[in-house]
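# Structural features, examined
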Amino acid sequence: MALKHKTPLLDELEKGPWPSFVSDVKQIAERKPMCEDLLGLLEQSYVDKEGHWKHGGIVGVLGYGGGVIGRYCDRPDLFPEVAHFHTMRVNQPSSKFYTTDVLKGLCDIWEKRGSGLTNMHGSTGDIILLGTVTDELEPIFYELTHDMNMDLGGSGSNMRTPSCCLGKARCEWSCLDTQAITNDITHEFQDELHRPAFPYKFKFKTSGCPNDCVAAIARADCSIIGTWRDKIRIDQEAVGAYAAGELAPNGNSFGTGPSTLDVQKEVCDLCPTRCMEWDGKTLKIWDEDCTRCMHCINVMPRALRPGTDTGATILCGGKAPILEGAQLSSVIIPFMKMEEPYEEFKDFVDKMWDWWMEEGKNRERLGETIQRLGLRNFLNATEIEPDPRMINTPRYNPYIFYDPADVPGGWEIDGKAFRKRHQA
Amino acid sequence: MALKHKTPLLDELEKGPWPSFVSDVKQIAERKPMCEDLLGLLEQSYVDKEGHWKHGGIVGVLGYGGGVIGRYCDRPDLFPEVAHFHTMRVNQPSSKFYTTDVLKGLCDIWEKRGSGLTNMHGSTGDIILLGTVTDELEPIFYELTHDMNMDLGGSGSNMRTPSCCLGKARCEWSCLDTQAITNDITHEFQDELHRPAFPYKFKFKTSGCPNDCVAAIARADCSIIGTWRDKIRIDQEAVGAYAAGELAPNGNSFGTGPSTLDVQKEVCDLCPTRCMEWDGKTLKIWDEDCTRCMHCINVMPRALRPGTDTGATILCGGKAPILEGAQLSSVIIPFMKMEEPYEEFKDFVDKMWDWWMEEGKNRERLGETIQRLGLRNFLNATEIEPDPRMINTPRYNPYIFYDPADVPGGWEIDGKAFRKRHQA
Amino acid sequence: MAFDPKEPMKDRITDIGPPHYEQFFPPVIKDNYGKWKYHEILEPGVLVHVSETGAEVYTVRVGGVRLMSVDFIREVCEIADKHCDGYLRFTTRNNIEFMVDDKAKVQPLMDDLKSRKFEAGSNKFPIGGTGAGITNIVHTQGWIHCHTPAIDASGIVKAVLDELYDDFCGMRMPAQVRIALACCLNMCGAVHCSDIAILGVHRKPPFIEHERVSQVCEIPLAIAACPTAAIKPSKVDDMKSVAVNNERCMFCGNCYTMCPAMPMTSAEGDGVALWVGGKVSNARTVPSFSKLAVPYIPNEPPRWPTTVKTIKKIVETYASDANRYERVGEWINRIGWERFFEKTELEFRHEHIDDYRLAMTTWRTTTQFKW
Amino acid sequence: MAFDPKEPMKDRITDIGPPHYEQFFPPVIKDNYGKWKYHEILEPGVLVHVSETGAEVYTVRVGGVRLMSVDFIREVCEIADKHCDGYLRFTTRNNIEFMVDDKAKVQPLMDDLKSRKFEAGSNKFPIGGTGAGITNIVHTQGWIHCHTPAIDASGIVKAVLDELYDDFCGMRMPAQVRIALACCLNMCGAVHCSDIAILGVHRKPPFIEHERVSQVCEIPLAIAACPTAAIKPSKVDDMKSVAVNNERCMFCGNCYTMCPAMPMTSAEGDGVALWVGGKVSNARTVPSFSKLAVPYIPNEPPRWPTTVKTIKKIVETYASDANRYERVGEWINRIGWERFFEKTELEFRHEHIDDYRLAMTTWRTTTQFKW
Ligand code: SRM
Ligand code: SRM
Ligand code: SRM
Ligand code: SRM
Ligand code: SF4
Ligand code: SF4
Ligand code: SF4
Ligand code: SF4
Ligand code: SF4
Ligand code: SF4
Ligand code: SF4
Ligand code: SF4
């Protein structure tokens, strides 16, 4: 069937081996006029080299301040079917396992009430239902909550949909119940998620170990990353097997199959703290110097495993560049046991948010507030003692805000007495 | 002889093995009342835990804007002899070799016309004549210039007295004629040294090699540091001798005498670029990867020497914390041959100063002006092409000031045409 | 019961959050939760995880085109129903994972996946994205949905992954390579910490629609939005508006986010910047930001050949020059930026030198560098 | 001809600059300029440099008390005349170097130097300051001459070097150790890049003498002097003056430099901060700043026992824990700051955490740290 708009430029994207979204959209466009016009609009962008969407409008479902991104195209004259093309963010189940049932259910709703296009998934983690009209928002929300037992995710100045790596579900290294934590905070903080009351957005992400497969440290205002306090578990025999070429190094990441591993060069010499010793027979790890970077474990998964006294390092402040430049999250709590019901963690979150809501400026991410007011201020508010693990290096500038409480007489100098001792 | 003031606290500093300045000053105080009162004043400071000098006054010699630091004590009632106690900065000969003649001559002048106390030397490098009265300034200057062939150094917002390491005079590693350069620029820029016309002070320091024995990179607005472009010269036999324990490692810095050097561990493994290979017989250096850090040469001075195609790396912006925080100098010219009469270098200096005098704010060091206006601006003004050697890392923020000259239509967007393509 | 538009609050269910994850775990996952002992990549895209119980789960990972229709999802479900008892998952980089609990089930699954193609010829389910290969490109909306993009997203990603297809399906790289795309400086994705990042950039300051400003914007918010304080309040023909000091504008687009009357999209100004050397994991070296490699490449729809070629060149240089285990940034740190520009034949320009707030910390304050 | 105060410009000589260095080179230096081949430290404080010509120069280095009287200089000259043909030099760290061109001349020179003591007992010419020892402490004026010091200089230096005397005369350290002192934040010296730095700090904001401000200060300059913009213009009893927001003051003293009516010296507020891990050379690792180790120790004249003890503790910890060739900062980088504070038993406090302009770049943005 011929589509409404010719798309010679887009058609070029049907070529090549990688799955073509154009082919996919063209297929559904045959029965979905919205998709037909979306293709036309996109072709127009390819011609103009400019996007064709208007600045977002505010739409949503009753009682929620987020979860829907309003969108209108700027050429409704040419592409009337995408005049409205709002996105709904549906909160994904933690770590994105699905049954086909639930996916098919979503598809049915979306076939009926939306464009039939989705993003699986959005960058924050939500299921993105891409393109519908204002009138369909409430019915969709109703069906999601009633029929699918699902809810919207976040948008706006609120807690955003938390996400996590797959953790213990299918990874041998996870030091955390990543899904349990994510699911728990998502439910605990539903109000914060749906009703924007923060200075700006706030994201949680949880990775089971320092490999950080959900990129928490780069993308979350609060990054929860699994770690351990005891020793790396070593199976010396398996180390020997790696050295002897009986096993595939790095879980066969290089496709080499079983092949000799130069333990000294590939493991010990790449250890950031050089805290391992290999004499050709026994691998010794000076765990007190290990910074738990995961490298040795990554390379010899059948020989080494994280310790068993596990918990999380909590880091804060990660974000993209807007406004003051990108930040990675910084260590705030070096170690916290993460056990249901996560009281200690939630206490911390409460104090953190109280401070940020009190002190944060409009559109100021947590990391920027900490930058502006200083880590000391944040630590005071969250009642955390300073620890060298929070910093790469102590200050190298001498501009120290000494606490007047530590100084005899505080900030006062008796000027008269001074001038008795010192003539002007 | 009993001195005028009791100094029980200072007397404690006569104890101990390190030479006691108190003993020295007490000795001369027997005939110099100024020193007697200086001791009294210092004792007073030890009691009060506060200094007793007034905020500097402006004094000097005619026609010069610097070279004298005015100083008055704040208890002339108690210590009248140090009511005036000005310092004169005398420009040291490059790298501070002296004949006893010249030193004795200085001593005679200072015995007669000053306190008899000095600093050999001040932090910038000058001979510091410590403490005289206003009336003696001109006579001292006269005698310095006439009898000693000496001149004052800098103070105030001018070029400060340049200084250097001893270089080729007694060091096998020097890639520069450090004294010649220092002497030449000092003489070339006498006007800039004596008559403050800059936004703030400006310092040159020159080290013969990257060991930087004059701390140029930390303390100079323009740091000239020797380096080479060709290969490290290797004497393989001597390498072997080090390995065999026939020579003392690191010029015997550890006092070990001849003793085995583990070339792999102590040299190759500490090379920052790991560009050396040692097979127990031959040392191979991949010079194209060498960053000329000096380590290997330092450890095996009898085996390795810098190359012979020598010159300087010019770095700019070094300074102490005031105002915006300390800076180390940054690479501006990766390599420049430094040959008399240093035309290329002086051209650069002219452009640098022109820019700084044009753009620099009052009391803004060069490094701070560069920070405020950007390295690009400075490079443009000095007509230097950007080079990756100037940076540790390219920018990681996306806040790029694209040059409108590179953009079709520059900064203009035709709003009308835009709104034809895009409805508002 | 269906939704009744007249009584929207009737029977309303809110704040229920997402469904509990556990119900979506395939039995082998549920049974072996927390018991996994080790894993191995059997071939590109195929993983086995072995449990302390002896159980095994085989995962076949396929490249996910994130923008997918319900038809496509239904096809995914069909496959999962057929081979995986109706379970599947998506990865944090938008790949799709089919899991089976028996080795014998792997080959039929793979055969099925490989057999499925779009009519025009592209594969629906490329198997790969594991180990030392190039996995899926994380990306954002582009011209498909957003209002501030300087580039498209899906089209560029398709063009780049066509070029790198063999490396999605292979594992010949020195280490994993993560590529990400964001269509504007908001960077919706971890492009600020990617091995290779494709970023949409504007190069013209906003133009100001004075008639609209006071209607559609809160002027103080627009002013506060500017990181370089380039925006000042102004009056034009008696209308409250703003003025932009173009000299101070670095085209971040944050003012437009706050004020629709300050558009800055333009065909001539917009395009791609490429960044390299970021990383997220704590393995060996610490997480780090992506750094500027190429300040600007024009938008070249439909297949962005210059962007594709440049990325390919970077990838190949890296592949041939880096040591095993070295991520792109680790490789560059070893060889030095002077060598990176030389080897990749990219031009070093003024734009590479930082001039923002922390610029000083990026300058070379040592004589250590290579000729 | 002598100076005539009535005609100060008569016969005036100006702008002649320093005398040419070459005339001060001893013959062996002049003859072998640029020809030196290698050197060796024969014993602490004694160096030999060997020329390509076969010539040798022996250097005996002695600790220089920078504050010296003309009597002391004359004694130095006497020694140089006796042993060194009337030549000598000063090093960049204010030590004195006596050079001879024959090995036979070394011992008599050393004997002479060792024999000279002040009456009260201290040595005049301690031999040392070479190699992996602790050389002279670079320092500034302190209470001897400057107007802004928070501490004395010469007294603290004397007390510290008495304690470290054996290490000035020895070479048992893992690498060279450079200690520096500056008596205020102006840091006249390289204390910002020293292995160990002793810094004078104020802890009370300036008090303002409103009656004097407009007489002795240019108010705009005082305001501009403040890095944190803590100073604002104000009026007090009709006098133009300034006001300081104490909350924003970090006691840098820069306002006082510009305005004598804003003194901030006080016995209770002032004292010592200790810094560690800076370095200047490009050897192995790049030059780096000194970092805060101890935020505050009170002034304890005449011998500053707490300061001395703390430095000694740092030195001994370093000496016993660092690897050969590791400077203090390199050692700390290897073991980590968490271990540094543990091993030195120094308290980690709020003051250690940077909160100035580049603070963000000092935070730990990785999960890598030690327990
Ligand atoms: C849909 C999504 C991109 C995608 O294609 O996946 C998205 C889309 C938008 N983001 Fe985003 N962001 C999305 C994930 C992110 C992420 C990634 C993440 O969450 O892990 C980031 C970087 C991490 C972070 O938060 O710092 C991100 C950083 C931003 C920013 C810059 C925030 C900053 O502090 O630097 C903005 C600008 C703003 O907030 O005004 C922004 C703004 C936007 C807006 C709302 C545009 C705007 O100017 O108001 C976009 C709406 C597009 C549209 O029309 O649908 N978006 N945004 C992602 C959300 C899907 C989901 O819910 O799963
Ligand atoms: C005498 C000397 C210290 C010494 O005991 O050796 C000295 C003494 C003073 N310095 Fe300095 N500086 C001296 C070398 C330095 C150095 C070291 C150097 O030159 O290598 C520095 C650090 C390097 C640098 O320039 O950044 C230095 C950085 C300062 C600063 C901070 C400058 C900055 O940009 O951060 C000031 C404050 C100012 O300029 O207002 C300063 C100001 C002063 C003043 C003039 C006090 C003032 O506030 O105006 C001091 C006069 C003391 C007096 O009464 O004699 N002095 N000053 C040094 C000069 C002797 C000489 O000429 O040889
Ligand atoms: C499935 C997934 C988690 C999830 O919840 O979805 C996952 C799964 C695994 N990751 Fe990952 N990682 C996943 C995203 C990530 C990310 C996040 C990202 O790329 O956005 C990172 C951080 C990337 C970065 O640093 O920029 C990540 C950094 C790692 C590392 C660290 C490698 C390194 O040297 O830096 C390892 C260890 C390794 O591969 O040796 C790892 C290892 C693994 C292992 C081997 C863990 C295990 O024992 O099962 C898993 C299979 C690896 C493989 O595919 O070769 N995973 N992994 C994600 C798959 C994404 C994809 O579809 O391609
Ligand atoms: C005499 C002097 C130069 C001068 O013009 O006066 C000098 C002379 C030598 N230095 Fe130096 N350095 C001198 C100040 C410096 C400084 C500056 C400073 O401390 O303020 C530095 C930089 C310090 C820093 O990094 O913080 C310096 C860093 C070096 C290094 C680098 C060591 C390192 O591993 O970082 C070497 C190489 C070595 O010792 O192996 C070196 C090596 C040398 C050699 C061996 C050079 C040679 O071949 O003759 C000289 C004898 C070393 C010795 O004393 O053990 N010199 N040297 C200075 C003596 C100062 C003193 O009296 O103690
Ligand atoms: S972050 Fe760690 S625990 Fe989570 S999936 Fe990756 S490797 Fe496994
Ligand atoms: S986890 Fe990292 S730091 Fe720890 S021993 Fe292994 S490689 Fe070394
Ligand atoms: S800087 Fe280099 S050339 Fe100069 S004295 Fe030191 S080691 Fe020798
Ligand atoms: S000078 Fe430094 S970088 Fe060059 S080879 Fe020697 S140790 Fe390596
Ligand atoms: S990166 Fe920019 S243009 Fe792309 S989706 Fe995010 S906000 Fe929109
Ligand atoms: S684009 Fe960014 S820098 Fe330019 S005016 Fe707008 S907010 Fe300011
Ligand atoms: S450091 Fe401060 S107090 Fe000491 S001499 Fe320099 S300016 Fe004066
Ligand atoms: S001491 Fe420094 S911070 Fe405090 S008011 Fe003065 S200039 Fe400002």
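Residues numbered from 1 in each chain as written. Chains lettered and ligands numbered in written order. Predicted model: local features only at pLDDT ≥ 70, side-chain atom pairs only at ≥ 80, totals over all residues. Heavy atoms only, no water.

## Describing the overall build of chain A
On a plain count of helices and strands, chain A comes out with 15 helices and 14 strands. Once the C-alpha set of chain A is aligned to its principal axes, its extents read approximately 90 × 75 × 45 Å. Surface accessibility of chain A: about 13,700 Å² in total, with carbon and sulfur atoms responsible for 48%. Where the 48 positive side-chain charges of chain A centre and where its 63 negative ones centre are 4 Å apart. (Helix = DSSP H or I, 4+ residues; strand = E, 2+ residues; numbered from the N terminus. Areas by Shrake-Rupley, 256 points an atom, 1.4 Å probe, with all protein chains shown as cover. Lys, Arg positive; Asp, Glu negative; His and termini not counted. Charge placed at Lys NZ, Arg CZ, Asp CG, Glu CD.)

## Section: the overall build of chain C
Scanning chain C from N- to C-terminus turns up eleven helices and twelve strands. Dimensions of chain C, computed from C-alpha atoms along their principal axes, come out at roughly 75 × 75 × 40 Å. Classification of the 371 residues of chain C by burial places 69% in the buried group. A separation of at least 24 residues holds for 64% of the contacts in chain C among residues at least 6 apart in sequence. Counting only carbon and sulfur atoms, one obtains 49% of the accessible surface of chain C, whose full area is about 11,900 Å². (Buried < 20%, exposed > 50% of the residue type's maximum accessible area, 1.4 Å probe, protein only. Contact = heavy atoms within 4.5 Å.)

## Regarding the sheet that holds strand β6 (residues 163-164) of chain B
Residue and element names in this part refer to chain B. As summarised here, the arrangement of the five strands in space is β6-β7-β8-β13-β14, forming an open sheet in which the pairing is mixed. Unpaired on one side and paired on the other, β6 and β14 (330-336) mark the two borders of the sheet. Where strand β7 (residues 204-207) meets strand β8 (residues 222-228), four bridges bridge the pair, whose relative direction is parallel. Paired with threonine 206 across the strands is isoleucine 224, a residue of β8. Most of the contacts of helix α6 (residues 178-188) go to β7, to which it runs at about 165°, and overall it touches β6, β7 and β8. (Pairing = 2+ DSSP bridges. Axes fitted to C-alpha atoms, helices over the stretch in contact; angles between N-to-C directions.)

## A short note on the pattern of salt bridges
Under the definition given, this model contains 120 salt bridges over all chains. Here glutamate 50 of chain B makes a salt bridge to arginine 421 of chain A, at a shortest N to O gap of 2.8 Å. Placement of the pair is glutamate 50 of chain B in the loop between α3 (33-48) and β1 (68-69) and arginine 421 of chain A in helix α15 (residues 415-421), with the two residues belonging to separate chains. You can call glutamate 50 of chain B buried: its relative accessible area is 1%. Owing to a relative accessible area of 27%, arginine 421 of chain A belongs among the partly exposed residues under this scheme. Here the salt bridges share partners, and the residues they tie into one network are Glu75, Glu78, Lys82, Asp112, Arg116 and Lys124 of chain C. (Salt bridge = Lys/Arg side-chain N within 4 Å of Asp/Glu carboxyl O.)

## As for the interface of chain D and chain C
Listed as interface residues are 13 residues of chain D and, on the opposing side, 13 residues of chain C. Summing both sides of the interface, chain D and chain C together bury roughly 1,100 Å²; the carbon and sulfur share of this comes to 54%. In terms of surface lost to chain C, no three residues of chain D exceed Asn282, Leu358 and Gln368 of chain D, which account for 38% of the buried area on that side. Where chain D meets chain C, there are zero salt bridges. If you look at where chain D meets chain C, you find eight residue pairs in polar contact (both at pLDDT 80 or more). For the side of chain D that touches chain C, the per-class residue count stands at four nonpolar, seven polar and two charged. (Buried area = accessible area lost by both parts, 1.4 Å probe. Polar contact = N/O pair within 3.5 Å; in protein donor to acceptor, adjacent residues only side chain to side chain. Nonpolar A, V, L, I, M, F, W, Y, C, P; charged D, E, K, R; others polar.)

## Examining the coordination of the iron atom of ligand 2
Where a metal carries four tetrahedral donors, each ideal angle is 109.5 degrees; where it carries six octahedral donors, the ideal angles are 90 or 180 degrees. For the iron atom of ligand 2, the sole protein-derived donor is Cys188 of chain D (SG), lying 2.3 Å away. Position of cysteine 188 of chain D relative to the elements: it lies in the loop between β7 (179-182) and β8 (196-201). (Donors = N, O, S within 2.8 Å, 3.2 Å for Na, K, Ca; no water.)

## Considerations on the site of ligand 12
In the region of ligand 12, the neighbouring residues are Cys226, Pro227, Thr228, Ile231, Val244, Cys249, Met250, Phe251, Cys252, Gly253, Cys255 and Met264 of chain D. In the shell around ligand 12, the residues fall into ten nonpolar, two polar and no charged. (Near = heavy atom within 4 Å.)

Scope: geometric values only; no functional claims are made or implied.
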